[in-house]
Structures are given as structure tokens and as C-alpha cells.
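Spelled out from the first residue to the last, the chains are:
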Amino acid sequence: MAAFTLNRSSTDPSIFAVVGPDGQAVTMINQFLQSLALRGRSAYTLRSYAHGLAHFFDWLHTARQSVDDVTPHTIEAYLTTLSTTPKGGACPADPRTAGQVHPVTRKAAPAVLRQPRTLNHRLSVLAAFFAHQIQQDTARGTGPWAYRTNPVLTSTAGSTTGHGMPGRDAPKRGKAADLRRRVPRQAHHLVEPALAEQLIATARSWRDKAILTLLYRTGQRIGDWSAFAGRHGILGMTLVDVDERARCIIVRLKGARDEHQVPVTDDFWPLLQQYLRYERRADPSVTALWLELRKGHGKPLSYAAFESALRYIGRKLGANVNAHMFRHTLAQAMVDQGQLKVAQEVLGHRHLTTTADSYAHVDQGAMVEALQAVKSRFDSQSTNREAPPGGSGSLATGRYVFAYDAATLEELEQAVTQRPVAPE
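Residues numbered from 1 in each chain as written. Predicted model: local features only at pLDDT ≥ 70, side-chain atom pairs only at ≥ 80, totals over all residues. Heavy atoms only, no water.

### What to know about helix α2 (residues 43–62)
Its 20 residues give α2 an end-to-end C-alpha distance of 28 Å, which sits within 8% of 28 Å, the value for a rise of 1.5 Å per residue. Just downstream of α2, R64 is the residue with a positive phi angle, here 60°. (Helix = DSSP H or I, 4+ residues; strand = E, 2+ residues; numbered from the N terminus. Expected span 1.5 Å × (residues − 1).)

What follows is the structure, encoded as C-alpha cells:
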């Protein structure tokens, strides 16, 4: 049994506190979590940081070590243990199927050991925690961490790069003692159109048919509606977030929770009307659009409840799918058609580079087309070297091998002209 556990505030479910084996709150951790909350970090961040620190303190307790004596060697030992012991959780991975790739969705079954991304996140948690302790004790001029070096960071600890915000920065990289693991770049798992149609047809309720269609046609995050995380994404929609006359919906984006308006295709609206007419029965005070239909009838539909319903639908078709795969599917289809700027707007990404880095590198067909376009251009240049500069078309249309839309070209041109010059 874990010696250090998480407690949730009775007045604010998004606030967590870590309790030690003596039943008393761990002041060091909880003050750090409060500082993250004051900086506006999300409930998901607070929970993951609280869980990570509770696990680390529990490991220290088992090893009979004090947090005040932590060194880089301690961090290395902890990461070794973390990477070689099976992960727990409510749904532990099955060793018999771990890592096996599904023949339909190409999605691998959960691994038994923690993956590099998880280990890197834990390093980020510890780096931010010890940075906070050093800052607090140094400001007071007393304390075990006053004027000490962060045991997680390397020789680049004084670097000014990065966000500079606890709860968002990864540990700085250096020439030695770098514990960060390389995260392999993998192609996104997509939902083939035929499978998407089967999933929608197999869903037993109008509600699930409508939500799946919305995921498939808009690429929005599934989100959640809960006291813990608030509301965002599709599940965070209210009745007034649907405008059938304008054929659009409004969702709250992840993080900043800005409102985002997205158009929806015609096949969604009949399903929504069926759901509203026959299934959505609730007290008039309930504003949530999507409600529980069975257990907890009339209450806002949570992420856990919808994912459970989606897994049930997937099992009936022999496919392991999740809601986020629909987002990847729509995004990839748009980028493959050269609509990079449009994909950015639909997905709600703040920067075009986010969309490009995620989706502009995985399509094999686009690679072949690009190579052929470059070959044709080189061949044309070799046979017409005396042509005047820019003689055929603008600089933008001559620079890129894809037929991007005008909005994407404009932003790409701005990115090129505003790119800082690397120091010599």
C-alpha cells in the first residue's frame, strides 16, 4: 500500500493535497501544488504533478532516504526503478498482449513498463519541484535547499531558454547526466472511413451516434464535463453551443478554454434532433448537451463514461479505438489535401507549426508527390537557365512544392521572413 496518497479538496475538486504515512499533509509538496494552481495550471496538470511527487516521496520513504539529501545519483536510481518496474493503475496492462499491434487500427496494446514520454514527464515534475524549493529557501536565506543546485538539471541549469514557467518546462539538457529518454516519432493511428461508418452504425443510442459523427466530422477533442476538470471539448458543450441555423457548434479549447466555432456537416443534425427528441430528458436547470442515459441518468456525460461506451462499440467490431483517433484522422486528411492553414483553424492550434509538425510528415503519397515535383522543377531549370528570375509566378508559388491554399502560403511566407538568423 502506498505510504503517500492523494486527497482532493472537498471545496474545490481540482485542488489536490498529498498526505504522508502519518496521515499528515506533506507541506513541501502541497505548497508547490498551490503555487502551480495560482499560476493557472489545469486540474490535469495538478493531478499528474501530485501523483508523480507522491510516488517519488513513497520511493524515498521505502529506500529510507530524506528529500533534503536528494542528489543527481538519487534521481538516476529513481528513474531506473521507475523504468524497470511494471506500471500499476486501475487497468494494468496484460503481459500476454502488451505491445501487440491491432491488425485493423494499427494501435498497439498498452505496454507493461512505463514509456519514455512518461519518464520524461516525471523528470519535468521533479525538476519543477526542486526548482521551487531552491527558490523559496534561497529567498529566505535559510533552509535545506538554499543556494543549492537542482539535482535534476544539468550544467545548463542557468539557461534562459524555455517557458520559464513551473509546470510547463522540461528539464534542461546538457552534455552530461542527461536522463531524458528519446521519444520515438510514430505515425498517428487513424480511423479508416469504413470503420468510422461502422462505429456510428453500431452505436445503440442516438447520443453516441451523434457524438461519434461530431468527432469524425469536426476533429474536435472529446473533452470532459466534470467538477474536477471543468468543461471543455465536445463533452463540455451546452445546449446554447449548438446553432443548427448556422450549421456550427462552439467548443471550449484545451488549456486556455477559449471558445472555438466549428462548422458541421449535414449528417450530424438529424442525429442530434433524434437524441434531443427521444433521449435527452433532464431537469430544465441542466445545461449540458450530452447526458448520461443509464447510470446517473440526467447528469452530464463524463469522459470516462463515453470512453467506456466507445470501447464497448469497438469490441463488437473487433477494433481498439479511442476518441482522439478521430481527431488525427480528420487532421491528416486535410493536410494531405494541402489545407494546412484550414486544418490549423479547425483543430484550434495556436501556431501553424504545431499542425505541420504533427501531420505534415507522415503521408507517404505526399512524399512521393513532393519528390516528383522537385524533380520536375529541377529538370525545368536545367533546360531553361536563362529565364529571368521569378519569370513564372510569384516567389510564394515557386518556393513550395505543394499546392497550398492562399492563407497557408501567406503564413508560411511570414514565418520565413520573420525567422531569426542563427548566430555565426
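### Concerning the pairing of strand β6 (residues 248–252)
As paired elements, strand β5 (residues 242–243) and β6 share 2 bridges and run antiparallel to each other. In the strand pairing of β6, D243 is matched with C248. Hairpin geometry of β5 and β6 is characterised by an intervening segment of 4 residues between the two adjacent antiparallel strands and by a positive phi of about 55° at R247. The sheet contact formed by β6 and strand β7 (residues 259–263) spans 5 bridges and is antiparallel. Bridged to I249 within β7 is V262. (Pairing = 2+ DSSP bridges.)

### A few points about the side chain of D208
As for its placement among the helices and strands, D208 is situated in helix α6 (residues 206–218). Note on D208: relative accessible area 7%, which makes it buried. The contacts of D208, once residues within four sequence positions are left out, are A203, F306 and A309. (Buried < 20%, exposed > 50% of the residue type's maximum accessible area, 1.4 Å probe, protein only. Contact = heavy atoms within 4.5 Å.)

### Re helix α10 (residues 340–347)
For α10, the tally of buried residues reaches 6 of 8 residues, placing the bulk of the element in the interior. Buried within α10 we find L340, K341, A343, Q344, V346 and L347. Trailing α10 by a residue or two, G348 shows a phi angle of about 85°, which is positive.

### A short note on empty space enclosed by the protein
Rolled over the atoms, a probe with the dimensions of a water molecule shows which regions are left empty. If you walk through the whole model with that rule in mind, you get 2 cavities of 30 Å³ or more. Approximately 50 Å³ is the volume attributed to the largest cavity. Along the walls of the largest cavity sit Q220, R221, G233, V251, R252, L253, K254, R327 and L347, which together make up its complete lining. Here the residues of the lining of the largest cavity sort into 3 nonpolar, 2 polar and 4 charged. (1 Å grid on protein atoms, 1.4 Å probe; cavity = no way out; pocket = protein on both sides within 12 Å on 5 of 7 lines; lining within 4 Å. Points joined across faces, edges and corners; volume = space filled by probe spheres on them. Nonpolar A, V, L, I, M, F, W, Y, C, P; charged D, E, K, R; others polar.)

### With respect to the nonpolar core
Counting 41 residues, the largest nonpolar core has I211, L212, L215, M237, W290 and F306 as its most contacted members. Sorting the residues of this core by element identifies α5 (193–202), α6, β6, α7 (268–278), α8 (303–317) and α9 (324–336) as the ones contributing at least two each. For this core, the element with the highest residue contribution is α6, accounting for 6 residues. Ranked by size, the runner-up nonpolar core spans 39 residues in total, among them A3, F4, F56 and L153. (Core = buried A, V, L, I, M, F, W, Y, C linked by side-chain atoms within 4.5 Å.)

### Topic: the side chain of Q332
Within the secondary structure, Q332 sits in helix α9. Side-chain polar atoms of Q332 contact the side chain of D336, separated by 2.8 Å. (Polar contact = N/O pair within 3.5 Å; in protein donor to acceptor, adjacent residues only side chain to side chain.)

### Section: unusual backbone geometry
For Y147, which is not glycine, the phi dihedral falls at a positive 65°. With respect to the secondary-structure elements, Y147 resides in the loop between α4 (116–140) and α5. You will see that R247, though not glycine, has its phi angle at about 55°, which is positive. Mapped onto the elements of the fold, R247 is located in the loop between β5 and β6.

### As for the packing of α5 against α8
Packing of α5 against α8 leaves a shortest axis separation of 10 Å and a crossing angle of 115°. The orientation of α5 with respect to α8, classified from their angle, is roughly perpendicular. Here the hand of the crossing between α5 and α8 comes out right-handed. For the pair α5 and α8, contact is made by L195, Q198, L199 and T202 and by I313, G314, K316 and L317, respectively. Here the residues of the contact of α5 with α8 sort into 4 nonpolar, 3 polar and 1 charged. (Axes fitted to C-alpha atoms, helices over the stretch in contact; angles between N-to-C directions. Parallel < 35°, antiparallel > 145°, perpendicular 65-115°, else oblique. Left-handed = near helix turned anticlockwise from the far one by under 90°.)

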